[in-house]
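# Coordinate inspection notes
Now for the letters of each chain:
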Amino acid sequence: MQAAVYLGQGTVSVEQVPTPEIGPGELLVRVESCGICHTDLKKIEYNLLTPPRIYGHETAGVVVALGRGVRGFALGDRIVAFHHIPCVECFYCLHKLYAQCPVYKRVGVTAGYEPAGGGFSQYVRVMDWIVRSGVEKIPDGVPYDRACFVEPVNTCLKGAVQLNPKAGDVVVILGQGPIGLLFTMLVKRSGAAMIATDTMPYRRELALRFGAADAFDPRDPNLLERIMEMTDGRGADSVVVAASAPGIVEQAVRYSRAGSRILLFAQTSHQERIELSGADICVGERAIFGSYSASVDLQRDSADLVFGGLLPVEELISHRFPLSDIRAGIDLALHPQPKSLKIVVQPQRCYE
């Protein structure tokens, strides 16, 4: 089969590799769509993991082989597969901190080499503990390109549930890339009013279409004034930091009221440093917290939102690339153009 193999030093090469062999309790899935996620980009651009690897974890496809003992699935089932699933029994799982679970940290979907998701390939092996708890069937009529949003929607839904916005709240969402726009869609469902920021005009237009009351370039001097106008001078009830840029967390604090909640979603690099006034947090009684990766508790909910068309996720797709052109897709994701957003790889178009 063909797969996009990360070779180190930012290099990704489409190569012929063996189709994965499956064992008892496992599935072999033909990958039809896989979204390019920013975490994959970071691993490639900054050489965070040792090569060779096959990345890609927003995977939708069809079951083409069943391991011995598999129950509940049949050949031809259309599915999405999560690559992380917790044990639900350890200390962290009992405290609902699934992303900290040692089993969760193991990657259970692979196309070969050290497991890394594998969705940037024509076939993936889904391991037994993922088959038991981390696979959702795609209903008839739902396109694979839409279905591959289930995993990223889950991660954003987890953050939105923790943020817990209420009708009448004012929420500021910093960053309107694909993740920020998913947050805009989700927060809209709470009835809260939103102000969105992004440097790209097209993304601000989409934020307004998806429910934001207003959208600003973060450098606009009128932004703070507008937030204060909407909140009787208090500041935002909560802020979602859905982008990573120098000073962006400090900006979130400045836009928020005393007693607000600030969600850090994009601050995943150990190299990133944040300097804040202690009094803004302590005396201002603000809560700053992080949310990372998906929640098994929200797996069905995220699937229902995507499969049921309750979120217009397909409107986020700006480009679709065959596997053979994945390098162009990665480059575009790393260096967005005025109207580029979510990029989906379609591995069965390998030779186009």
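Structural data are supplied above this passage.
Residues numbered from 1 in each chain as written. Predicted model: local features only at pLDDT ≥ 70, side-chain atom pairs only at ≥ 80, totals over all residues. Heavy atoms only, no water.

## Remarks on the overall build of the protein
Each helix and strand counted, the protein has 13 helices and 16 strands in total. Relative to its length of 352 residues, the protein is compact, with a C-alpha radius of gyration of 20 Å against a globular reference of 20 Å. In terms of overall dimensions, the protein has a C-alpha envelope of 60 × 45 × 40 Å along the principal axes. With 352 residues in all, the protein has 54% of them scored as buried. If you take every contact in the protein between residues at least 6 apart in sequence, the share linking residues at least 24 apart comes to 68%. For the protein, the computed accessible surface area is about 15,200 Å², with 51% contributed by carbon and sulfur atoms. (Helix = DSSP H or I, 4+ residues; strand = E, 2+ residues; numbered from the N terminus. Rg over C-alpha atoms; globule rule 2.2 N^0.38 Å. Buried < 20%, exposed > 50% of the residue type's maximum accessible area, 1.4 Å probe, protein only. Contact = heavy atoms within 4.5 Å. Areas by Shrake-Rupley, 256 points an atom, 1.4 Å probe, with all protein chains shown as cover.)

## Focus on the pairing of strand β3 (residues 27–35)
For β3, the tally of buried residues reaches eight of nine residues, placing the bulk of the element in the interior. Pairing of β3 with strand β4 (residues 58–66), which is carried by eight bridges, proceeds in the antiparallel orientation. Each residue of the ladder has a partner; that of Leu 28, found in β4, is Ala 65. Two elements, β3 and strand β7 (residues 123–126), share four bridges in a ladder whose sense is antiparallel. Across the sheet, residue Arg 30 finds its bridge partner in β7, namely Tyr 123. The sheet contact formed by β3 and strand β16 (residues 342–346) spans two bridges and is antiparallel. By the bridge assignment for β16, Gly 35 is matched with Val 344. (Pairing = 2+ DSSP bridges.)

## Quick word on the environment of Arg 203
Secondary-structure assignment places Arg 203 in helix α8 (residues 201–209). Since its relative accessible area comes to 10%, Arg 203 is described here as buried. Contact partners of Arg 203, with chain neighbours within four places excluded, come to Gln 176, Gly 177, Leu 181, Asp 198, Pro 336, Ser 340 and Leu 341.

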